[in-house]
Amino acid sequence: MLTAEDKKLIQQIWGKLGGAEEEVGADALNRMFHAYPPTKTYFPHFDLSPGSDQIRGHGKKVVAALTTAIKNMDNLSQALSELSNLHAYNLRVDPPCFSLQFLSQCLQVSLATRLGKDYSPEVHSAVDKFMSAVASVLAEKYR
Amino acid sequence: MVHWSAEEKQLITSVWAKVNVEECGAEALARLLLVYPWTQRFFSDFGNLSSPTAIIGNPKVRAHGKKVLTSFGEAIKNLDNLKGTYSKLSELHCDKLHVDPENFRLLGDILVIVLVSHLGRDFTPVCQSAWQKLVGVVAHALAHKYH
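Being a predicted model, the structure only gives us computed values, none of them experimental. Here the residue numbering is sequential within each chain, running from 1 through the sequence in written order. Lettering for chains starts from A, numbering for ligands starts from 1, and both go in the order in which the items are written. Totals for whole chains, interfaces and linings use all residues, but because this is a predicted model, local features are given only for residues with pLDDT of at least 70 and pairs of side-chain atoms are given and counted only at 80 or more. Hydrogens and water molecules were not included; the side-chain quantities draw on all heavy atoms of the structure.

Engineer: Even after reading the chapter, I still don't get the packing of helix α1 (residues 6-16) of chain B against helix α4 (residues 59-77) of chain B, so can you show me in this structure?
Structural biologist: When two helices pack together, their arrangement is captured by the angle between the axes and the distance separating the axes. All names here are of chain B. For every element, the axis is a line fit to its C-alpha atoms; helices are fit only across the contacting stretch, and the angle between N-to-C directions ranges from 0 to 180 degrees. In this description a helix means any DSSP run of H or I spanning at least four residues, a strand means any run of E spanning at least two, and both kinds are numbered starting from the N terminus. Running from amino to carboxyl end, α1 crosses α4 at an angle of 145 degrees, the nearest separation of the two axes being 11 Å. In the packing of α1 onto α4, the handedness of the crossing is left-handed. Counting all contacts with α1, which are made through I12, T13 and W16, the residues of α4 involved are L69, F72, G73 and I76. Definitions for this section: a left-handed crossing has its near helix turned counterclockwise from the far helix by less than a right angle. A right-handed crossing has that turn clockwise. In this description, contact between two residues means that some pair of their heavy atoms is separated by no more than 4.5 Å.

Dropping the structure here:
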């Protein structure tokens, strides 16, 4: 589970992005579509070319949700409740334990390109745990 | 057999040329033990793994990390015959070491992140794509002889 230290590291690292959060979101999605083509199947209605407005817009949404989650790490279940419903009943993305692994990996790569050595093993561990916790919450209502 | 485009091969080898095998190997293995602590079960004779500092500084972790990544280098020289290249290692990991192949996937993802933290934005989406494919295929080759 997320320790106090993990939470602190995550808040710090998110703070270091200094306004680049949206860029990180778009970059992460772009990387995910490239490296894991099956994830594109959930976006047949999108223009998926790099830099597309839709990818930027969706990246911004994803990052906003993660920012909310980071502000409410002590109560992820409640904070992400709406999104949990959406993923379970409307979007029905293959249970987040799979898809979020891909998004988690790409988000971490995106963070690491910007943060370099600051993406230390401890930060890496904290972010990985956090994304895993987010995935669990999003999968709560699936069945 | 896996098909590699000329571009993929070029992306893989050009990144590999920049890799310090000893450093990156040590870092990748240390991160595996840290981020996924249950993997420490395979290294009970490695001594002190009790904290991030202990893991990162542990000489056995460093040495073994180097060994693992050196073997990766062999894979890169033999992209067209990964199953053959890893045949013996696959048997070893199954019969003697008893490692769940899921762990190969975890290490592969970690290796990608280690490379990224060293290369920054040079590790483009196209580059990442080639490397995720590589680590996936290596993991598959290592699992191939499991029974």
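Engineer: Can you walk me through the pattern of salt bridges in this structure?
Structural biologist: Side chains bearing opposite charge may pair, as long as their charged atoms lie close to each other. In what follows, salt bridge is the name for a side-chain nitrogen of Lys or Arg lying within 4 Å of a carboxyl oxygen of Asp or Glu. Per the counting criterion, the structure on display carries 17 salt bridges over all chains. We note a salt bridge from E23(A) to R114(A), for which the minimum N-O separation is 2.9 Å. Pair noted here: E23(A) is in helix α2 (residues 21-35) and R114(A) is in helix α6 (residues 96-115), with a separation of 91 residues, a long-range link. Only protein chains enter the area calculation, which uses a 1.4 Å probe; residues under 20% of their type maximum are buried, those over 50% are exposed, and those in between are partly exposed. We classify E23(A) as partly exposed; its relative accessible area is 35%. Across the pair E27(B) and R31(B) runs a salt bridge, and its minimum N-O distance is 3.2 Å. Taken together, the residues span about one helical turn, with E27(B) and R31(B) both in helix α2 (residues 21-35) at a distance of four residues. Owing to a relative accessible area of 19%, E27(B) belongs among the buried residues under this scheme. When salt bridges that share partners are traced, they join E23(A), D27(A), R31(A), R114(A) and R121(B) into one network.

Engineer: Whenever I open this one, the confidence of the model for chain A confuses me. Can you help?
Structural biologist: Note: predicted coordinates in regions of low pLDDT should not be interpreted at a detailed level. Mean pLDDT over chain A works out to 91, with 97% of the residues at or above the 70 mark. As a per-residue quantity, pLDDT reports the predictor's confidence and falls between 0 and 100. In the model of chain A, α6(A) stands out as the element of lowest mean pLDDT, 88, in contrast to helix α1 (residues 4-15) of chain A, which has the highest, 95.

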